[in-house]
Amino acid sequence: MSKSVPDHHPLRRLFADLTERAFHQKLHWSDLHVVGYLSNLLADFVHADHLCRIRNRQGKPLDEVAGMLLEADLLLNARSFDREREVHRHIGDFALFMVGIFPEYLKRIKIHQWIHHPDFLIDYVKVGKHSYRNVSEFNYGEFKHDAPLFRKLSDNFELCVIGLGYVKEALNSLSHAEYHQVKRILLN
């Protein structure tokens, strides 16, 4: 897995600014924990391999929610409660990211009738909400502090999708010069 975007990288600041603007100004929701989590999620998923960080028992990266759900099931593949939580967190993150930032991918699965695609019948919103809810139920020990955040993400999943949609619009509307500046930053 490649390294995460460094804390002081300009791309991280860009995502933080766009996320804050979307949630504060457009949605009138000023939850710093949610906004911070989502801007960090965007920075984390800049690396495509982070989207597929969950691996099955054979070590194959999973890029489909159906496979991730099997990996999260304690009775099937999850080897511990910590693993169950980790996979459900990733499912929530993956689903939120795909619905908010790349809904056209999900439409392509449905419209082109990719019946052979494992996620053809999966509702990413329902699965994302459910996975974040599962994570929020780990409200003890080292996870106690984060439990309320994941409950908010579950309860407000659709609002988070809308907020990420606004972030996507802002990214798409960057002027040509701004785009090249961000590109230069990324390549250095």
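Attention in this report is confined to the structure presented alongside it. Nothing here was measured: the structure is a model prediction, and the numbers come from that model.

## Some points on the overall build of the chain
Step number 1: From N to C terminus, the chain includes 10 helices and 0 strands.
Step number 2: Scanning the chain from its N terminus toward the C terminus, one meets helices and strands in the order α-α-α-α-α-α-α-α-α-α.
Step number 3: Looking at the chain residue by residue over its 188 residues, the buried ones come to 43%.
Step number 4: The long-range share in the chain, meaning contacts at least 24 apart out of those at least 6 apart in sequence, stands at 63%.
Step number 5: For the chain, the accessible area works out to roughly 10,700 Å², and carbon and sulfur atoms hold 56% of it.

## Thoughts on the pattern of salt bridges
Step number 1: One pass over the full model with this rule turns up 10 salt bridges.
Step number 2: The shortest N-O distance in the salt bridge between Arg13 and Asp17 comes to 2.6 Å. Note that Arg13 and Asp17 are positioned in helix α1 (residues 10-26) at a spacing of 4 residues, about one turn of the helix.
Step number 3: A salt bridge links Arg133 to Asp155, with the shortest nitrogen-to-oxygen separation between them at 2.3 Å. Highlighted residues: Arg133 in helix α7 (residues 124-136) and Asp155 in helix α8 (residues 147-155), separated in sequence by 22 residues.
Step number 4: A residue is classified by how much of its surface remains accessible, and Arg133, at 25% relative accessible area, is partly exposed.
Step number 5: Sharing partners across several salt bridges, the network here consists of Arg13, Asp17 and Glu20.

## Some remarks on the environment of Asp73
Step number 1: Relative to the helices and strands, Asp73 resides in the loop between α4 (65-72) and α5 (81-101).
Step number 2: Between the alpha carbons of Asp73 and Arg85 there is a distance of 9.9 Å; along the sequence they are 12 residues apart.

## Topic: α1
Step number 1: The end-to-end C-alpha distance of α1 is 23 Å, a good match for the 24 Å that 17 residues give at a rise of 1.5 Å each.
Step number 2: Within α1, the full set of buried residues consists of Leu11, Arg12, Leu14, Phe15, Ala16, Leu18, Thr19, Ala22 and Phe23.
Step number 3: The positive-phi residue at the C-terminal boundary of α1 is His28, with phi of around 55°.

## Quick notes on the environment of Ile109
Step number 1: By secondary structure assignment, the location of Ile109 is in helix α6 (residues 103-111).
Step number 2: Between the C-alpha atom of Ile109 and that of Phe120, which follows or precedes it by 11 residues, the distance is 6.1 Å.

## A word on the packing of aromatic side chains
Step number 1: In total, this model carries 10 aromatic pairs according to the counting rule given.
Step number 2: Between Phe97 and Phe102, the ring centres sit 5.6 Å apart and the planes meet at 65°, which makes this aromatic pair edge-to-face.
Step number 3: Note on Tyr132 and Phe150: the rings are 5.8 Å apart at their centroids and 45° apart in plane angle, and the pair reads as tilted. Of this pair, Tyr132 sits in helix α7 while Phe150 sits in helix α8, placing them 18 residues apart in sequence.
Step number 4: On the accessibility criterion, Tyr132 (0% relative accessible area) is buried.
Step number 5: The buried category is assigned to Phe150, whose relative accessible area is 1%.
Step number 6: An aromatic cluster is defined as three or more aromatic residues linked by ring pairs; in this entry it consists of Tyr37, Tyr132, Phe150 and Phe157.

Scoring rules and cut-offs
- Residues numbered from 1 in each chain as written.
- Predicted model: local features only at pLDDT ≥ 70, side-chain atom pairs only at ≥ 80, totals over all residues.
- Heavy atoms only, no water.
- Helix = DSSP H or I, 4+ residues; strand = E, 2+ residues; numbered from the N terminus.
- Buried < 20%, exposed > 50% of the residue type's maximum accessible area, 1.4 Å probe, protein only.
- Contact = heavy atoms within 4.5 Å.
- Areas by Shrake-Rupley, 256 points an atom, 1.4 Å probe, with all protein chains shown as cover.
- Salt bridge = Lys/Arg side-chain N within 4 Å of Asp/Glu carboxyl O.
- Expected span 1.5 Å × (residues − 1).
- Phe/Tyr/Trp six-rings, centres within 6.5 Å; stacked < 30°, edge-to-face > 60°.

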